[in-house]
Amino acid sequence: MPVALITGASRGLGLALARRLAQEGWSLVLTAREPQALEQARQELEAHTPVTALPGDVADETHARRLIGAALDLGGLDALVNNASALGPSPLPALRDLPLDAYRQVLEVNVVAPLRLIQLALPHLKPGARIVNVTSDAGVEGYVTWGGYGSSKAALEQLSRVLAAEHPDLRVYWVDPGDMRTRMHQDAFPGEDISDRPLPEVSVPGFLHLLSGEWPSGRYAAQRMAEVSA
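Here the residue numbers are simple positions, counted from 1 along each chain's written sequence. It should be noted that, the model being predicted, local features are given only for residues of pLDDT at least 70 and side-chain atom pairs only at 80 or more, the latter also being counted only at that level, while totals for whole chains, interfaces and linings use all residues. Hydrogen atoms and water are omitted, and side-chain values are computed over all heavy atoms in the structure.

- An unreviewed UniProt entry lists the protein chain under the name NAD(P)-dependent dehydrogenase (Short-subunit alcohol dehydrogenase family), with Deinococcus metallilatus as the source organism.
- For the protein chain, the Sequence similarities (unreviewed entry) comment in UniProt is given as "Belongs to the short-chain dehydrogenases/reductases (SDR) family." UniProt positions are given in the numbering used here, feature names are shortened, and annotations may be inferred rather than shown by experiment.

1. Let's talk about helix H4 (residues 100-121)
In an α-helix, one full turn covers 3.6 residues, which means residues spaced three or four apart are oriented alike.
Then comes step 1: Taking 1.5 Å of rise per residue, the 22 residues of H4 would be expected to cover 32 Å, and the 30 Å separating its terminal C-alpha atoms lies within 8% of that figure.
Then comes step 2: Two axes enter the bend calculation: one fitted to the seven residues ending at the residue in question, the other to the seven starting there, and the bend is the angle between them. Helix numbering and strand numbering both begin at the N terminus, where a helix is a DSSP run of H or I of at least 4 residues and a strand a DSSP run of E of at least 2. Where H4 bends most, the angle comes to about 40°, and this point is Glu 108.
Then comes step 3: Burial classification: accessible surface area is computed with a 1.4 Å probe over protein chains only, and a residue below 20% of its type maximum counts as buried, one above 50% as exposed, and the rest as partly exposed. Among all positions in H4, only Val 106, Val 109, Asn 110, Val 111, Ala 113, Pro 114, Leu 117, Ile 118, Leu 120 and Ala 121 are buried.
Then comes step 4: Throughout, a residue-residue contact means that at least one pair of heavy atoms, one from each residue, lies within 4.5 Å. Those residues of H4 that are buried are in contact with strand E1 (3-7), helix H3 (61-73), strand E4 (77-82), strand E5 (125-134) and helix H5 (147-166). Every helix has an expected span of 1.5 Å times one less than the residues it contains.

2. Examining the sheet that holds E4
Then comes step 1: Strand pairing requires that DSSP identify at least two bridges connecting the strands. The seven strands are arranged E3-E2-E1-E4-E5-E6-E7 in an open sheet whose pairing can be described as parallel. Each edge of the open sheet carries a strand with a single partner, namely strand E3 (51-53) and strand E7 (218-221). Between one strand and the next, the sheet's axes are offset by a mean angle of 20°, whatever the strand orientation.
Then comes step 2: With three bridges joining them, strand E2 (residues 27-31) and E3 adopt parallel strand pairing. Residue pairing in the sheet places Val 29 in a bridge with Thr 52 of E3.
Then comes step 3: Every axis in this analysis is a line fitted to C-alpha atoms, fitted for helices over the stretch in contact. Angles between the N-to-C directions lie between 0 and 180 degrees. Strands in contact with H3 are E1, E2, E3 and E4; relative to E2, the strand with the most contacts, it is inclined by about 170°.

3. Looking at the pairing of E5
Then comes step 1: Taken across its ten residues, E5 has seven buried, putting it largely inside the fold.
Then comes step 2: Bridge analysis of E4 against E5 gives five bridges, and the strand direction is parallel. Across the sheet, residue Ala 79 finds its bridge partner in E5, namely Arg 130.
Then comes step 3: With respect to chirality, the unit in which E4 leads through H4 into the neighbouring parallel E5 is right-handed.
Then comes step 4: Relative to strand E6 (residues 171-176), E5 runs parallel, the two being bridged by five bridges. Whether a crossover is right-handed comes down to one check: with the strands pointing away from the viewer, does the path from the first strand over the helix to the second run clockwise; if it does, it is right-handed.

4. Quick look at the packing of helix H1 (residues 12-23) against helix H2 (residues 35-45)
Then comes step 1: At a closest axis distance of 11 Å, the pairing of H1 and H2 adopts a crossing angle of 20°. Taken as axis vectors, H1 and H2 run roughly parallel relative to one another. Relative to H2, the crossing made by H1 is right-handed. On H2, the residues touching Leu 15, Ala 18, Arg 19 and Ala 22 of H1 are Ala 41, Glu 44 and Leu 45.
Then comes step 2: Each residue is assigned to one of three groups, with Ala, Val, Leu, Ile, Met, Phe, Trp, Tyr, Cys and Pro labelled nonpolar, Asp, Glu, Lys and Arg labelled charged, and all others, Gly among them, labelled polar. Class assignment for the residues of the contact of H1 with H2 results in five nonpolar, no polar and two charged. Roughly parallel here means an angle under 35 degrees, roughly antiparallel means over 145, roughly perpendicular means 65 to 115, and every remaining angle is called oblique. Each helix crossing is assigned a hand: it is left-handed if the near helix lies turned anticlockwise from the far helix by less than a right angle, otherwise right-handed if that turn is clockwise.

5. Things to note about H3
Then comes step 1: The first and last C-alpha atoms of H3 sit 19 Å apart over 13 residues, in line with the 18 Å expected at 1.5 Å per residue.
Then comes step 2: Those residues of H3 that fall on the buried side of the exposure criterion are His 63, Ala 64, Leu 67, Ile 68, Ala 70 and Ala 71. What you see down the axis of H3 is that its buried residues fit within an arc of 155°, all on one side. What points out from H3, more than 90 degrees from its buried face, is the exposed set Thr 62 and Asp 73.
Then comes step 3: Along its buried surface, H3 packs onto E1, E2, E3, E4 and H4.
Then comes step 4: Between the side-chain oxygen of the N-cap and the backbone nitrogen of Thr 62 there are 3.2 Å, and the N-cap of H3 in question is Asp 60.
Then comes step 5: Gly 75 lies just past H3 and shows a positive phi near 120°. Summarising the geometry, the arc corresponds to the directions from the helix axis toward the C-beta atoms. Pairing of N or O atoms within 3.5 Å defines a polar contact, subject to two protein rules: one partner must be a possible hydrogen donor and the other a possible acceptor, and residues neighboring in sequence count only if both atoms are side-chain atoms.

As structure tokens, then:
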């Protein structure tokens, strides 16, 4: 039974992907910062598959080590999905107004924490394992007020490219999930109606296609991949 570690798994894309992987027979290690929401996810999913749910901060070293240990307890690690993200202040400020302490926290969660989990996971990855880093088009486009979050995702994309070059034996994917109707997206546009955005479930088939297919390392758009896999 394959094992996936998913960060940011209590809601949004992380939970939607966990639900689909549970249906596909994956064992799961899940983490998020909200204990109650994560426990609800665990109770829902454990009816289908073995689930270990560990609430905590992915930027915390002790917590990161616990996550990798939990995956090893389930038999190893077939997929690491770095999905947890910090948006920063809401509403999003222009770069001239971006508080540096808040920006440092965005970088810790969106760049440093994924790298540390990758470092800890590398010695324990099973043959054919995949590393999936969830990025954003804000990492490649110059959207006004998205400089803090976008630059963190740009850094994650470049980290992913280098990781793929350094480990040609692994499949490393940096994936843009597309616009989604999530709480983080609502926080980015406070007071606006985002009901026209697709639910995270729309992007999940694209992620599943990458996790189960033979696609080479690279950057992918999840919603486009979902169309390919349809």
